[in-house]
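Architecture and fold: a report
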Amino acid sequence: MEWAPASVVRWLFDLEHGASDRLISRWIFLRALGLIYFSAFFSLVFQISGLLGPQGILPANDYLEAVGRSVGHLARLWFAPTLLWFSSSSHMLLGLCWMGMFASLLLVLNIWPRAMLVICFACFLSFVSAAQDFSGYQSDGMLLEAGFISLFFAPPGIFPGWGRVRPPIRASLFLLQWEWFRIYFESGIAKIASGDPQWRNLTAMDEYYQNGPLPTWIGWYVQHLPHWFHASSAYATLALELGLVWMLFLPRRWRILCFFIVTPWEIGVILTANYTFLNYLVLALGFLLLDDRFLVPFVLRRWKAGLSQRDSSPPEKTRTWEETSGLQLRAVKLSLVSVMLCWIFYSTTVQLIWMLSPRLPLPTAPVSALEPFRIANQYGLFAVMTRGRYEIEFQGSQDRQNWVAYPFRYKPQDPSKPPGIYAPYQPRFDWNLWFASLGSWREYPIVPNTEVRLLENDADELALFAGNPFPRQPPTQVRAVLWQYWFTTMAEKRQTGMWWHRQLVGLYAPTLQREADGRISVTEWPTVSPRQ
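Now for a look at the structure at hand. The shown structure was predicted, so the numbers you read here are calculated from the model rather than taken from an experiment.

Procedures and definitions
Residues numbered from 1 in each chain as written. Predicted model: local features only at pLDDT ≥ 70, side-chain atom pairs only at ≥ 80, totals over all residues. Heavy atoms only, no water. Helix = DSSP H or I, 4+ residues; strand = E, 2+ residues; numbered from the N terminus. Rg over C-alpha atoms; globule rule 2.2 N^0.38 Å. Buried < 20%, exposed > 50% of the residue type's maximum accessible area, 1.4 Å probe, protein only. Contact = heavy atoms within 4.5 Å. Areas by Shrake-Rupley, 256 points an atom, 1.4 Å probe, with all protein chains shown as cover. Lys, Arg positive; Asp, Glu negative; His and termini not counted. Charge placed at Lys NZ, Arg CZ, Asp CG, Glu CD. Expected span 1.5 Å × (residues − 1). 1 Å grid on protein atoms, 1.4 Å probe; cavity = no way out; pocket = protein on both sides within 12 Å on 5 of 7 lines; lining within 4 Å. Points joined across faces, edges and corners; volume = space filled by probe spheres on them. Nonpolar A, V, L, I, M, F, W, Y, C, P; charged D, E, K, R; others polar.

1. Digging into the overall build of the protein chain
- Each helix and strand in the protein chain was counted, giving 23 helices and six strands.
- Its C-alpha atoms give the protein chain a radius of gyration of 25 Å, within 12% of the compact-globule value 24 Å for 532 residues.
- In terms of principal-axis extent, the alpha carbons of the protein chain reach across some 80 × 55 × 55 Å.
- Counting across all 532 residues of the protein chain, residues that qualify as buried make up 54%.
- Across the protein chain, every contact between residues at least 6 apart in sequence was considered, and the portion connecting residues at least 24 apart equals 75%.
- Here the protein chain displays about 24000 Å² of accessible surface, and carbon together with sulfur accounts for 63% of that area.
- Taking the 44 positively charged and 38 negatively charged side chains of the protein chain as two groups, their mean positions are separated by 7 Å.

See below:
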């Protein structure tokens, strides 16, 4: 093969010179990506009105109006790329979710995958760009990055089958593998760079299963394993993230071995903690370590024929049309694909380099330009481990003396209730309250905003809870208190049946009261810090 510059470009970025040995892993990954997109939109259907609706906790219309006033009419589209500029009503918000769910199901069925990926990406980006505190998660960036790169990875056509005549663009395959690598490696760098003594002393996992955002009942049991197990887990985490993932760049047999190490690891994380769709996405990306030679024995016999047969649209006809009327268009297309994928690679690589050498002077404009779209991200999971579990609880009162708690759907509250397994479903309200419990209510306006909505018995807001203790009329006062939680011991659970025990810390946010004229007033201010 002649490695002239033009040949290299075609080999990297042209479909006809794609990775023909990755048809099965591509098929598996795109089906998994469709299911992950579906889980993201499905969870939003039940929450988005209460989170971002006109009467929600953080209304999208208020945020977008503020953006428009700050950056101008045209710049706002780049600063917040969202379809909600047309309308941010509850109907529009729900419409985005249903459209995304429909497109993700068609992606799972392998019907017009590229078009479905465009719809899924546009709908999810529209939510993320307007969701403010409810979208500040690394998992959202991971999904948008993988979803965008998959536009170049997926086969063209309405019914592409295996896409044999249009194998994956090699550069897109590498960028998805590169994302998988960076999720691990950058998280390892972040742990070392943070200086957290818990990683240095291998104590980071001692209370990990208890203190994460949404624990599981399996994590409860794992928490009670001896210290040597937790120390080994901390060491294995650092070894995997900083060392083992480099096997991606080694020959085939090492990549396969790496797959069989990281896959059980991710399954273990999924069972012991609810990190939404994050670990499912990393798990799916791991299948791109495998090639068709390894996977073909697992394919059903009746499906194997499609791997050796041509698709329904003969490539000769496509080439004839291109040769007669589309050579220039094809060249433009190839140029655009090359520029876009190189741009993503540069932006992600520079951010990785900055983690290692922050003062290295490299052009920042390409990185900043992609930032609003979340398609070239920097990752760093669990850089500092949380010590202590705090939970915010909303309480209402009719007589200002007897307080009744609003029951949550997902996060720990009732000490007798076992923590569940919800992932990939993402309860963003419950999730955000965990972050808020580690800071001040002034940093997290979702808490006082929720209090205001509860004083009104807002239906969309109440849908975020498991029930309404004031069904007839709203409470006259609402407050948010802070509890500290611990897992019970094995002996305590056998004796009492309790999974948790808890201790009241104090008032977390101002107590709000609805006056007779409808005004909202503050009757009590918090006097304790979450860490006191």
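2. Remarks on helix H7 (residues 113–130)
- Here H7 is 18 residues long and its end C-alpha atoms lie 26 Å apart, about the 26 Å a rise of 1.5 Å per residue gives.
- Counting buried residues along H7, 14 of its 18 residues qualify, which places the element largely inside the surrounding structure.
- Positive phi shows up at Gln132, right after H7, with a value of about 55°.

3. Let's talk about the environment of Pro213
- Turning to its location among the elements, Pro213 is positioned in the loop between helix H11 (208–211) and helix H12 (217–223).
- Setting aside chain neighbours within four positions, we find Pro213 in contact with Tyr275, Arg389, Trp431 and Trp434.

4. Topic: unusual backbone geometry
- A cis amide bond links Ala423 with the next residue in sequence, Pro424, at an omega value of 10°.
- Its location among the elements puts Pro424 in the loop between strand S2 (404–405) and helix H20 (428–437).
- Positive phi, close to 65°, is recorded for Asn110, a residue that is not glycine.
- Relative to the elements of secondary structure, Asn110 occurs in the loop between helix H6 (90–108) and H7.
- A residue is classified by how much of its surface remains accessible, and Asn110, at 10% relative accessible area, is buried.

5. A short note on empty space enclosed by the protein
- A full pass over the atoms with the stated rule returns two cavities of 30 Å³ or more.
- Along the walls of the largest cavity sit Leu23, Arg26, Trp27, Leu30, Arg31, Asn110, Pro155, Gly161 and Trp162, which together make up its complete lining.
- Within this model, the second largest cavity holds a volume of roughly 30 Å³.
- Surrounding the second largest cavity, Tyr208, Tyr209, Gly212, Pro213, Leu214, Pro215, Thr272, Ala273 and Tyr275 form its lining.
- Partitioning the lining of the second largest cavity into residue classes produces seven nonpolar, two polar and no charged.

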